[in-house]
Amino acid sequence: GERVAVLHSGLSAGERFDQWRLIRENRVPIAIGARSAVFAPYTDLGLIVIDEEHDGAYKSDEGFRYHARDVARARAEREGCPVVLGSATPDVGTAWRSAHGEYARLTLPERVASRPLPTVQLVDMGNPGARGPKRGMLSRPLREALAETLAAGQQAILFLNRRGFAAHVYCFACGFALRCT
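Residues numbered from 1 in each chain as written. Predicted model: local features only at pLDDT ≥ 70, side-chain atom pairs only at ≥ 80, totals over all residues. Heavy atoms only, no water.

*Asks:* Residue-level account of the overall build of the chain, with values.
*Replies:* Within the chain, the secondary structure is distributed over five helices and eight strands. Reading the chain from its N terminus to its C terminus gives the helix and strand order β-α-β-β-β-β-α-β-α-α-α-β-β. Dimensions along the principal axes, computed over C-alpha positions, put the chain at roughly 65 × 45 × 40 Å. Looking at the chain as a whole, 20% of its 181 residues qualify as buried. Considering only intrachain contacts with a sequence separation of at least 6, the fraction spanning at least 24 residues in the chain is 47%. Surface exposure of the chain reaches about 14,300 Å², of which carbon and sulfur atoms provide 56%. (Helix = DSSP H or I, 4+ residues; strand = E, 2+ residues; numbered from the N terminus. Buried < 20%, exposed > 50% of the residue type's maximum accessible area, 1.4 Å probe, protein only. Contact = heavy atoms within 4.5 Å. Areas by Shrake-Rupley, 256 points an atom, 1.4 Å probe, with all protein chains shown as cover.)

This is how it looks when you write it as structure tokens:
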């Protein structure tokens, strides 16, 4: 409603100005937005929340380079307010800081509406039977689950969590894996 400012790149310059003016004049106590929202001109911050803190979208690599999570931590320290870094799969650095007592770890004992955890199946892609006759990126169980989902008229989303990184070089045609001795 009228108590929340919304800050994101889809706003025109005038709309962005209006939102920032509302914040500066203390007319909205809450701002929700993309990574640049961490710079919102609040003068008496009470809380900063970074949801899905592990997400690479918080890193700006163009123009002024910054990581919104790190800016949020520094700003929270300067303002004397807590910062909540939320994630079911935290960044490695965040997990380390939590494990070593630098961050207090808060856990949710159950999922929203007591929903069950999704089923997880580990597949050894080095096992010839895991890929089947097609030596592709997807395992046989995953291809079968996708086919079943699509046959039922449903949709599927695959998340690739290692974009831009390769732990090793692997040929999908012959199965050769380049390894360093």
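*Asks:* Give a detailed account of the layout of surface pockets, specifying residues and quantitative values.
*Replies:* Quantified by volume, the second largest pocket comes out at close to 630 Å³. If you trace the second largest pocket, you find 25 residues lining it, with Ala31, Ile32, Leu47, Ile48 and Val49 closest to the centre. Those elements that place two or more of their residues in the lining of the second largest pocket are strand 2 (30-33), strand 3 (48-51) and helix 2 (68-79). Of the residues that constitute the lining of the second largest pocket, the class distribution is 17 nonpolar, four polar and four charged. (1 Å grid on protein atoms, 1.4 Å probe; cavity = no way out; pocket = protein on both sides within 12 Å on 5 of 7 lines; lining within 4 Å. Points joined across faces, edges and corners; volume = space filled by probe spheres on them. Nonpolar A, V, L, I, M, F, W, Y, C, P; charged D, E, K, R; others polar.)

*Asks:* Got a sec to walk through helix 1 (residues 13-24)? Specific residues and values, please.
*Replies:* For helix 1, which comprises twelve residues, the first-to-last C-alpha distance of 16 Å matches the rise-based estimate of 16 Å (1.5 Å per residue) to within 8%. In the segment just after helix 1, Asn26 is the residue with positive phi, at about 55°. (Expected span 1.5 Å × (residues − 1).)

*Asks:* Please set out the packing of aromatic side chains residue by residue, giving values where relevant.
*Replies:* Inspection of the entire model under this criterion finds three aromatic pairs. With centroids separated by 5.0 Å and ring planes inclined at 75°, the aromatic side chains of Phe39 and Tyr66 adopt a geometry described as edge-to-face. Separated by 27 residues along the polypeptide, Phe39 in the loop between strand 2 and strand 3 and Tyr66 in strand 5 (residues 66-67) bring together distant segments of the chain. According to the relative accessible area criterion, Phe39 is partly exposed, its value standing at 33%. (Phe/Tyr/Trp six-rings, centres within 6.5 Å; stacked < 30°, edge-to-face > 60°.)

*Asks:* Can you explain the side chain of Arg75? Please cite residues and give values.
*Replies:* Tracing the backbone through its elements, the reader meets Arg75 in helix 2. Contact partners of Arg75, with chain neighbours within four places excluded, come to Val38, Phe39, Ala40, Pro41, Tyr42, Leu45 and Ile48.

*Asks:* Now, about the environment of Arg97: what can you tell me, with residues and values included?
*Replies:* Here Arg97 shows up in helix 3 (residues 92-99). Apart from the residues within four sequence positions on either side, Arg97 is in contact with Arg73, Glu102 and Tyr103.

*Asks:* Go over a nonpolar patch on the surface, please, and point to the residues and values.
*Replies:* On the surface, Met137, Leu138, Leu142, Leu158 and Phe172 cluster together into a nonpolar patch covering about 430 Å² of accessible area. Tracing the sequence through the fold places Met137 in the loop between helix 4 (128-131) and helix 5 (140-151). The class of Met137 is exposed, set by a relative accessible area of 58%. (Patch = residues over 30% accessible without salt bridge, like charges linked within 9 Å, V, L, I, M, F, W, Y side chains within 5 Å. Salt bridge = Lys/Arg side-chain N within 4 Å of Asp/Glu carboxyl O.)

*Asks:* I'd like a description of the pairing of strand 1 (residues 4-7), backed by residues and values.
*Replies:* The alternating pattern of strand 1 places Ala5 and Leu7 on a buried face, while none of Val4 and Val6, on the opposite face, is buried. Direction of pairing for strand 1 relative to strand 2: parallel, over a ladder of four bridges. Bridge assignment links Val6 to a residue of strand 2, and that residue is Ile32. After leaving strand 1, the chain enters helix 1 and then returns to the sheet as strand 2, a path that is right-handed. (Pairing = 2+ DSSP bridges. Right-handed = clockwise from strand over helix to strand, strands pointing away.)

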